[in-house]
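Working through the structure, step by step
Chain residues, written in single-letter form:
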Amino acid sequence: MHASRPIIREVVRDLYVLRIDDHETKFFEGLWEIPEGISYNAYLLKTGEGAVLFDGWKKTYADLLVEEIEKLVDLRDIKYVVVHHMEPDHSGSIPALMARATNAVLLGHPLAGKMISNFYGAYKFKPVSDGEELKIGEHSLRFIHAPWLHWPETIFTHIVNLNVLLTCDAFGSYSLPPVFDSEVEDWNQLDVAIRKYYVNVIGKYSQNVLKALEKLKSLQVSPSIIAPSHGAIFRDKPAHILDKYIEIAQGVPKENKAVVAYVSMYGFVEQMIDAAVSLLREKGFNVKIYRFTDNHRDNVSDLLGDLSDAGLMVIGGGTYEAGVQPLLGYILHLIASKLGYRAGNLPVLVLTSYGWGPVAGKMVLEELKNKGFTRIENVEATGQVRREHVEKIRQAIEKLTS
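Let us look at the structure shown here. (Residues numbered from 1 in each chain as written. Predicted model: local features only at pLDDT ≥ 70, side-chain atom pairs only at ≥ 80, totals over all residues. Heavy atoms only, no water.)

1. With respect to the packing of helix H5 (residues 187-202) against helix H7 (residues 238-249)
Any two packed helices are characterised by how steeply their axes cross, that is the angle between the axes, and by the distance between the axes. As a reminder, the rule being used: Axis definition: a line fitted to C-alpha atoms, limited for helices to the stretch in contact. Angles are taken between N-to-C directions and run from 0 to 180 degrees. Helix numbers and strand numbers start at the N terminus; a helix is a DSSP run of H or I with at least 4 residues, a strand a run of E with at least 2. Oblique is the label for every angle not falling under 35 degrees (roughly parallel), over 145 degrees (roughly antiparallel), or within 65 to 115 degrees (roughly perpendicular). Each helix crossing is assigned a hand: it is left-handed if the near helix lies turned anticlockwise from the far helix by less than a right angle, otherwise right-handed if that turn is clockwise. Contacts are residue-level and defined by heavy atoms, with any inter-residue pair within 4.5 Å sufficient.
It is the contact of H5 with H7, at a shortest axis distance of 11 Å, that shows an interaxial angle of 50 degrees. When the interaxial angle is binned, H5 and H7 end up oblique. Every pair of crossing elements has a handedness; the one defined by H5 and H7 is right-handed. In contact with Trp-187, Asp-191, Ile-194, Arg-195, Tyr-197, Tyr-198 and Ile-202 of H5, H7 contributes His-240, Ile-241, Lys-244, Tyr-245, Glu-247, Ile-248 and Ala-249.

Structure representation (structure tokens):
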């Protein structure tokens, strides 16, 4: 039994989406908190010479996917299964599918063949080259290599005569939005889900996002429909998701938005943070706070999404065993990894506390500088926050925001 009922909808003539909403996964990739859930979209193209399936669902839902495909076509009529990306939330259904679709050939990036064998065993596989076209029935498929979005073997498929671009993880989003963008009522909520997904999954490869978009432009591919494997399908406003990804990839900041993240073990760091937040609000900043304390823990995945358009980042934490408090170190590592592309335009205020030696501040500054962050101010305190500390925080904020 599955909590979600599968969804089958016609995207455009001959092309169908098969979607399942995943309420069971609490930590995407075993890492990112997603209480909002995530969807998996597979696509089926009917042609006069057989059917083509594009991607699949997570192994958990593999048998269910097979049942849903049978509502559209005989599995023996599937001629090709296109594997855009080998991550198992899309490829996990390959064994269950290929056991029944005995005439099908797997198509994918040359790197995908060995990965399929390593992950699932030996199946009929044919690599596709960059720009290769495949005609099947009345339809023409053009395969476009899109490396590092977000694995090296990622490809897109352009269904040329329908002008549909199938993109797998690229241009996807978290949450469980309506199937089509024309049905979306809360665009702000969807944009938050897009940002969070982008940074968590693709943020490290932002330059590759821009390269892929330039490549599509050079190939004169201007799709009428963008169909990712997570989230809504953009057939009413395809430019919206393209523009949103460009905006996030370029790190366009909201000048009056400050994102604060801090780890406070016993309250001293929190005193510094409270002072900084008050000063920022006096200056008209919209402040979003993420707390990691002895009785509260916010989601790191949401923090990273919020930082994608922050005009200022405030990081707080303390010295721990002659180093940085481990949770603070973990958060810093993720920020540097996923948002390193923003290092040049994201000012950072570092607030640190110590009991016997000022270690954390130096180590945090070194970590940030090594990752390319250039505008950094650090204020340290030992024990209670006093008037002179507040004044130093004020001066640091003025310097970072002038």
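2. Considerations on H5
Worth spelling out the cut-off: What a helix should span is 1.5 Å times the count of its residues minus one. Three exposure classes are used, based on accessible area relative to the maximum for each residue type with a 1.4 Å probe and protein chains only: buried under 20%, partly exposed in between, and exposed over 50%. Whenever a nitrogen or oxygen atom comes within 3.5 Å of another N or O atom, the pair is scored as a polar contact, on the condition that within protein one atom can donate a hydrogen and the other can accept it, and that pairs from neighbouring residues in sequence are kept only if both atoms are in side chains.
With 16 residues, H5 extends 21 Å from end C-alpha to end C-alpha; this agrees with the ideal 22 Å at 1.5 Å per step. Extensive coverage of H5 is indicated by the burial of 13 of its 16 residues. Measuring from the backbone nitrogen of Asn-188 back to the side-chain oxygen at the start of H5 gives 3.2 Å, which picks out Asp-186 as the cap.

3. Topic: the side chain of His-84
The topology assignment puts His-84 in the loop between strand E7 (78-83) and helix H2 (88-91). His-84 sits in the buried class, given a relative accessible area of 0%. Here the side chain of His-84 touches Asp-55 through a polar contact of 2.7 Å, side chain to side chain. Reaching out from His-84, the side chain makes a polar contact with the side chain of Thr-157 at a distance of 2.7 Å. Beyond its immediate sequence surroundings of up to four residues, His-84 is in contact with Phe-54, Asp-55, Glu-153, Thr-154, Ile-155, Phe-156, Thr-157, Leu-166 and Cys-168.

By themselves, these are just geometric observations and shouldn't be taken as functional.
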